Amino acid sequence: MDQATDRALEGHNRPRNPGVRLDPAWFESVGVNASAVERRAATLTTRRSVKKEYQAAWLVKALTCIDLTTLSGDDTPERVRRLCAKARRPLAGDLLAALGLEDAPPTVAAVCVYPTMVPPAVRALEGSGVPVASVATGFPAGLTPLKVRLDEIRYAVGEGAAEIDIVITRAHVLSRDWTALYDEVAAMCEACGPAHLKTILGTGDLKTLRNVYAASMVAMQAGADFIKTSTGKEDVNATLPVSLVMVRALRDYRERAGVDIGFKPAGGLRAAKDALAWLILMKEELALPWLQPDLFRIGASGLLTDIERQLDHYATGRYSAAHRHAMA
Amino acid sequence: MALIKDILRTMDYGPSPESSDHVRAWLLKHEGGFGPFIGGRFTKPRELFDVFNPATGERIARATQGSPADVDAAVAAARKALPKWAATPGEERARVLYALARHVQKRERFLSVLETIDNGKPIRESRDIDLPLVARHFYHHAGWASLIESEFPGTRPVGVCGQVIPWNFPLLMLAWKIAPALAAGCTVVLKPAEYTPLTALAFAEICIEAALPPGVVNIVTGDGETGAALVAHDSVDKIAFTGSTEVGRAIRKATAGTGKKLALELGGKSPFVVFDDADLDSAVEGVVDAIWLNQGQVCCAGSRLLAAEGIADALTSKLRARMARLRVGDPLDKSTDVGAIVAPAQLERIERLMRAGAEEGLEIWRADDALPNRGSFYPPTLVTGAEPASVLMREEIFGPVLVSTTFRTPDEAVALANNTRYGLAASVWTENVNRALEVAARIKAGVV
């Protein structure tokens with residue numbers, strides 16, 4: 001692992017985003033040309049190609065950016081413990097040897113669970129350096145009373161979650177109530193204390209790219225450390241065009257406020273090829289720091305297995321069945 | 001081999017070359033040189049000229065400098081094939097065109113690699129743009145051929161068409177010219193550009209495979225003299241030319257009073273107008289497609305950037321950041337954005353114009369990436385502070401050079417856009433549909 005990745009994996013080497021005053025001028029005048037965005041998104045992956053050992057390295061990088069996630073109604077402490085074991089050691093020894101990474105075996109970026117599953121996750125990951133992320137604020141709809149949502153954040157942080165993935169009230173975006181959205185996210189940031197805040201926009205519910213841009217900008221102004229596409233529970237989750245708009249918003253925020261914000265696509269990234277597409281997006285529209293886990297995360301559960309299979313193919317020349325890799 | 005732990009640090013793309021073995025083998029097979037394709041077969045190669053790979057400067061093939069006698073023989077073959085082909089029912093001509101389309105598709109990879117080696121354009125473009133469009137043109141006109149009796153009743157073929165095409169989209173221009181002519185029942189003598197004759201010659205092989213009747217398509221390689229002989233030939237009914245305005249003028253003169261029909265598609269210096277309410281990031285991507293596609297060697301390239309004063313600085317700073325991401329280099333690498341300029345002569349022409357621009361004191365900006373140390377390469381370039389009178393604003397550079405200036409009002413944008421001798425294409429960037437429609441209607445260009 002390189003140093004940036006090392007540091008990022010140790011925890012949060014980046015200071016929290018202090019946020020700025022709500023300023024609608026940063027986004028209200030910004031138009032998003034949907035067809036041009038779709039065209040750029042469609043050609044991003046045809047303009048670049050990563051092969052052989054480079055592809056293997058990129059897939060390892062994607063692996064280190066995964067927030068390995070379980071968010072199901074049937075989650076149990078034992079299930080979470082199993083996921084954490086996989087998070088600690090995602091690649092088997094023979095694969096590590098073939099990749100030349102035995103000395104510094106990679107881990108995923110974080111494990112993402114529901115608040116009540118934070119304690120078993122924290123226990124299972126003790127000493128691994130892998131932080132626990134918790135969704136909060138009435139995930140996935142986010143429609144419980146604000147007080148309850150803030151308490152949920154405090155609970156998760158109190159149990160040891162280092163990162164909090166919140167959902168915004170989509171109604172504030174759809175009704176263009178930017179003040180309400182700003183105040184809500186700002187209050188959640190405060191409730192997070194030292195924990196980093198990822199703001200889930202629920203882009204599948206926001207529908208238009210202008211809404212996505214505006215909501216991204218308000219969330220960053222309010223102090224979000226990451227902006228995240230989806231809960232994974234909407235009809236449409238992370239797509240490249242939506243991600244492109246969010247990444248551009250993040251770039252614009254950086255130019256105005258001077259703060260680096262992270263990006264996390266979530267939901268729908270299942271194939272190793274998807275991971276490469278998003279890494280290409282980050283490299284082309286941003287730069288090297290956004291290919292590191294402190295500024296880039298992928299919210300996924302099944303993706304890891306496909307990455308393992310592709311890495312195995314790189315190492316052996318053959319595709320392995322999924323059952324040959326330890327399940328999460 | 002690079003180590004994975006090192007790549008994790010740099011996150012470079014690494015090399016991803018498209019294989020060219022099959023094309024090299026084909027070129028080796030034709031090492032003796034290509035003869036003209038006349039009457040359904042290749043005639044003996046004579047008086048050969050060299051064909052180069054612009055990305056390396058190496059000679060890759062030799063083709064025949066078509067003589068007036070070759071042109072004569074080709075036109076005679078086309079004339080001989082005309083009555084039968086013109087009388088062939090539309091459905092049957094369609095069948096042949098469908099066969100050509102399928103054969104092109106079947107050899108898509110071969111043809112795109114050959115195009116890239118011959119022309120210098122990135123493999124991404126020949127693979128994703130040129131070749132799919134070539135196949136679609138043949139399919140499209142196959143459809144028209146089968147509908148010709150019902151959709152165009154009472155029309156008849158023009159006759160023998162002499163077609164002279166440029167080097168910027170060699171096979172695509174061939175498709176633009178040949179597909180509609182064959183659909184209409186015309187026969188063809190085509191002269192590809194001397195820099196890039198190879199895909200046309202490969203297409204001649206496809207004509208044989210697809211059982212196109214002999215003489216319906218004839219291909220004579222050579223330089224401007226061969227083209228001039230074709231234009232001047234008495235037995236040609238129509239001339240179709242795509243290329244420079246200068247040569248277009250000469251052809252107009254040569255055909256005046258001869259009764260020949262004429263179609264010319266010439267140069268451009270197309271405006272790319274960005275208003276202050278545009279999505280600037282998207283406009284930047286639009287610029288990339290407008291001027292850095294095919295190294296800017298596109299007749300309808302958006303080579304004049306007209307930006308509203310209020311957003312001009314923001315736009316050019318975004319442009320510079322984007323330019324720094326463009327990868328210039330080996331056209332066969334799948335991650336290359338900008339390939340080689342087609343020939344040293346064209347490179348010199350670009351350099352000459354840029355020297356003239358520099359003498360006028362224009363601000364010239366390039367990303368500081370190193371160029372390959374052999375072959376004809378020119379980096380993506382942005383020129384700011386240009387005046388309407390600047391040489392770089394007026395002359396078609398036909399290279400990866402974007403020249404920009406600012407405007408204050410929509411009226412001024414239209415005036416600047418129309419302040420050119422050309423008028424081929426234009427684009428307008430705004431998120432206001434009323435403004436877009438109004439301005440588009442006022443810009444005098446063939447396509448907006």
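Residues numbered from 1 in each chain as written. Chains lettered and ligands numbered in written order. Predicted model: local features only at pLDDT ≥ 70, side-chain atom pairs only at ≥ 80, totals over all residues. Heavy atoms only, no water.

### Description of empty space enclosed by the protein
All names here are of chain B.
In step 1: Per the counting criterion, the structure on display carries five cavities of 30 Å³ or more.
In step 2: Looking at the largest cavity, its volume works out to about 90 Å³.
In step 3: In this structure, the largest cavity is lined by Arg304, Leu306, Pro388, Met393, Arg394, Thr405, Leu416, Asn419, Thr420 and Arg421.
In step 4: Quantified by volume, the second largest cavity comes out at close to 70 Å³. (1 Å grid on protein atoms, 1.4 Å probe; cavity = no way out; pocket = protein on both sides within 12 Å on 5 of 7 lines; lining within 4 Å. Points joined across faces, edges and corners; volume = space filled by probe spheres on them.)

### Overview of the environment of A:Pro18
In step 1: By the secondary structure assignment, A:Pro18 is in the loop between helix 1 (3–10) and helix 2 (25–28).
In step 2: C-alpha separation for the pair A:Pro18 and A:Ser301, spaced 283 residues apart in sequence, amounts to 31 Å. (Helix = DSSP H or I, 4+ residues; strand = E, 2+ residues; numbered from the N terminus.)

### Let's talk about the nonpolar core
The tendency in soluble globular proteins is for nonpolar side chains to be buried side by side.
In step 1: Ranked by internal contacts, the top residues of the largest apolar core, which has 120 residues, are B:Phe138, B:Leu182, B:Phe203, B:Val274 and B:Trp292.
In step 2: Looking at this core element by element, the count peaks at 10 residues for helix 7 (residues 170–184) of chain B.
In step 3: Counting the residues that make up this core, at least three belong to each of domain 1 (21–265) and domain 2 (271–442) of chain B.
In step 4: Not counting residues up to four positions away in its chain, the partners in contact with B:Val274 are B:Leu280, B:Ala283, B:Leu305, B:Leu306, B:Ala307, B:Ala308, B:Ile311, B:Leu315, B:Phe407 and B:Trp429.
In step 5: A:Val118, A:Leu181, A:Leu201 and A:Trp278 belong to the second largest nonpolar core, which has 111 residues in total. (Core = buried A, V, L, I, M, F, W, Y, C linked by side-chain atoms within 4.5 Å. Buried < 20%, exposed > 50% of the residue type's maximum accessible area, 1.4 Å probe, protein only. Domains from an automatic or database assignment. Contact = heavy atoms within 4.5 Å.)

### Observations concerning unusual backbone geometry
As a rule of thumb, non-glycine residues mostly have phi less than zero, and peptide bonds are mostly trans rather than cis.
In step 1: With an omega dihedral of 0 degrees, the bond running from A:Phe139 to A:Pro140 counts as a cis peptide bond.
In step 2: With respect to the helices, strands and loops of the structure, A:Pro140 is situated in the loop between strand 3 (132–135) and helix 8 (146–158).

### Some points on the interface of chain B and chain A
In step 1: Chain B puts 32 residues into the contact, and the matching count from chain A is 40 residues.
In step 2: Along the contact surface separating chain B from chain A lie eight salt bridges.
In step 3: Among the salt bridges present, the one from B:Glu431 reaches A:Arg210, with a minimum N-O distance of 2.8 Å.
In step 4: Inspection of the chain B/chain A interface yields 23 residue pairs in polar contact (both at pLDDT 80 or more).
In step 5: Secondary structure elements with two or more residues in the side of chain B that touches chain A: helix 1 (4–10), helix 6 (123–151), helix 11 (280–291) and helix 12 (309–323) of chain B.
In step 6: Among the elements that take part in the side of chain B that touches chain A, helix 1 of chain B stands out by supplying six residues, more than any other.
In step 7: Counted by class, the side of chain B that touches chain A contains 10 nonpolar, five polar and 17 charged residues. (Salt bridge = Lys/Arg side-chain N within 4 Å of Asp/Glu carboxyl O. Polar contact = N/O pair within 3.5 Å; in protein donor to acceptor, adjacent residues only side chain to side chain. Nonpolar A, V, L, I, M, F, W, Y, C, P; charged D, E, K, R; others polar.)

### Regarding the sheet that holds strand 5 (residues 196–200) of chain A
All names here are of chain A.
In step 1: If you walk across this open sheet you meet the eight strands as 7-6-5-4-3-2-1-8, and the pairing is parallel. The open sheet has two free edges, formed respectively by strand 7 (262–264) and strand 8 (298–300), since each of these has just one partner strand. When strand polarity is set aside, the average angle formed by the axes of neighbouring strands in this sheet is 25 degrees.
In step 2: Pairing geometry for strand 1 (residues 66–69) and strand 8, over three bridges, is parallel. Among the inter-strand pairings, Leu68 is bridged to a residue of strand 8, identified as Ala300.
In step 3: Its contacts with the sheet put helix 10 (residues 178–192) on strand 4 (163–167) and strand 5, and the angle it makes with strand 5 is roughly 150 degrees. (Pairing = 2+ DSSP bridges. Axes fitted to C-alpha atoms, helices over the stretch in contact; angles between N-to-C directions.)

### Some details on the sheet that holds strand 15 (residues 427–429) of chain B
All names here are of chain B.
In step 1: Ordered by their spatial adjacency, six strands build an open sheet running 12-13-14-11-10-15, and the pairing between neighbours is mixed. In this open sheet, the two strands that pair with only one neighbour each are strand 12 (363–366) and strand 15. Averaged over neighbouring strand pairs, the angle between their axes works out to 20 degrees when direction is ignored.
In step 2: Note: strand 10 (residues 271–274) against strand 15, three bridges, orientation parallel. Opposite Val274, over in strand 15, you have Trp429 as the bridge partner.

### Description of the layout of surface pockets
In step 1: Approximately 1200 Å³ is the volume attributed to the largest pocket.
In step 2: Lining the largest pocket are 38 residues, with B:Gly243, B:Ser244, B:Thr245, B:Glu246 and B:Val247 positioned closest to its centre.
In step 3: Where the lining of the largest pocket is concerned, the elements lending two or more residues are helix 9 (224–232), strand 8 (238–242), helix 10 (245–255) and helix 13 (344–359) of chain B.
In step 4: Among the elements that make up the lining of the largest pocket, the one with the highest residue count is helix 10 of chain B (seven residues).
In step 5: Grouping the constituent residues of the lining of the largest pocket by class yields 19 nonpolar, 10 polar and nine charged.
In step 6: For the lining of the largest pocket, the two domains that each supply at least three residues are domain 1 (21–265) and domain 2 (271–442) of chain B.
In step 7: Of the volumes computed, that of the second largest pocket is approximately 950 Å³.
In step 8: Breaking the lining of the second largest pocket down by element, the ones donating at least two residues are helix 3 (34–47) of chain A together with helix 6, helix 7, strand 10, helix 11 and strand 15 of chain B.
In step 9: Ranked by the residues each element gives to the lining of the second largest pocket, the list is headed by helix 11 of chain B, at six residues.
In step 10: Residues of the lining of the second largest pocket, tallied by class, amount to 22 nonpolar, eight polar and seven charged.

### Remarks on the pairing of strand 3 of chain A
Residue and element names in this part refer to chain A.
In step 1: Neither face of strand 3 is left uncovered, since the one carrying Val132 and Ser134 and the one carrying Ala133 and Val135 both have all their residues buried.
In step 2: In terms of strand pairing, strand 2 (residues 110–113) meets strand 3 through three bridges, oriented parallel. Considered in strand 3, the bridge of Val111 is made with Val132.
In step 3: On the question of chirality, the crossover connecting strand 2 to the parallel strand 3 by way of helix 7 (residues 118–125) is right-handed.
In step 4: Across three bridges, the pairing between strand 3 and strand 4 is parallel. Opposite Ser134, over in strand 4, you have Ile164 as the bridge partner. (Right-handed = clockwise from strand over helix to strand, strands pointing away.)

### Quick look at the domain arrangement of chain B
All names here are of chain B.
In step 1: As assigned here, chain B comprises domain 1 (21–265) and domain 2 (271–442).
In step 2: Centre-to-centre, using C-alpha coordinates, domain 1 lies 31 Å away from domain 2.
In step 3: Each partner contributes residues to the interface: domain 1 has 22 residues there, and domain 2 has 27 residues.
In step 4: Both sides of the domain 1 and domain 2 interface together cover about 2000 Å² of buried area, and 61% of this is carbon and sulfur.
In step 5: Taken together, the connections running from domain 1 to domain 2 amount to zero salt bridges.
In step 6: Taken together, the links from domain 1 to domain 2 amount to six residue pairs in polar contact (both at pLDDT 80 or more).
In step 7: Going through the elements one at a time, helix 5 (108–119) and helix 6 are the ones with two or more residues in the side of domain 1 that touches domain 2.
In step 8: Of the residues that constitute the side of domain 1 that touches domain 2, the class distribution is 10 nonpolar, eight polar and four charged. (Buried area = accessible area lost by both parts, 1.4 Å probe.)

### Thoughts on the packing of helix 3 of chain A against helix 13 (residues 240–257) of chain A
Residue and element names in this part refer to chain A.
In step 1: Running from N to C, helix 3 and helix 13 cross one another at 105 degrees; their axes reach a closest spacing of 8 Å. The angle between helix 3 and helix 13 places the two elements in the roughly perpendicular class. The residues of helix 13 that touch helix 3, namely those facing Val37, Glu38, Arg40, Ala41 and Thr45, are Leu240, Pro241, Leu244, Val245 and Arg248.
In step 2: Grouping the amino acids of the contact of helix 3 with helix 13 by side-chain chemistry returns six nonpolar, one polar and three charged. (Parallel < 35°, antiparallel > 145°, perpendicular 65-115°, else oblique.)

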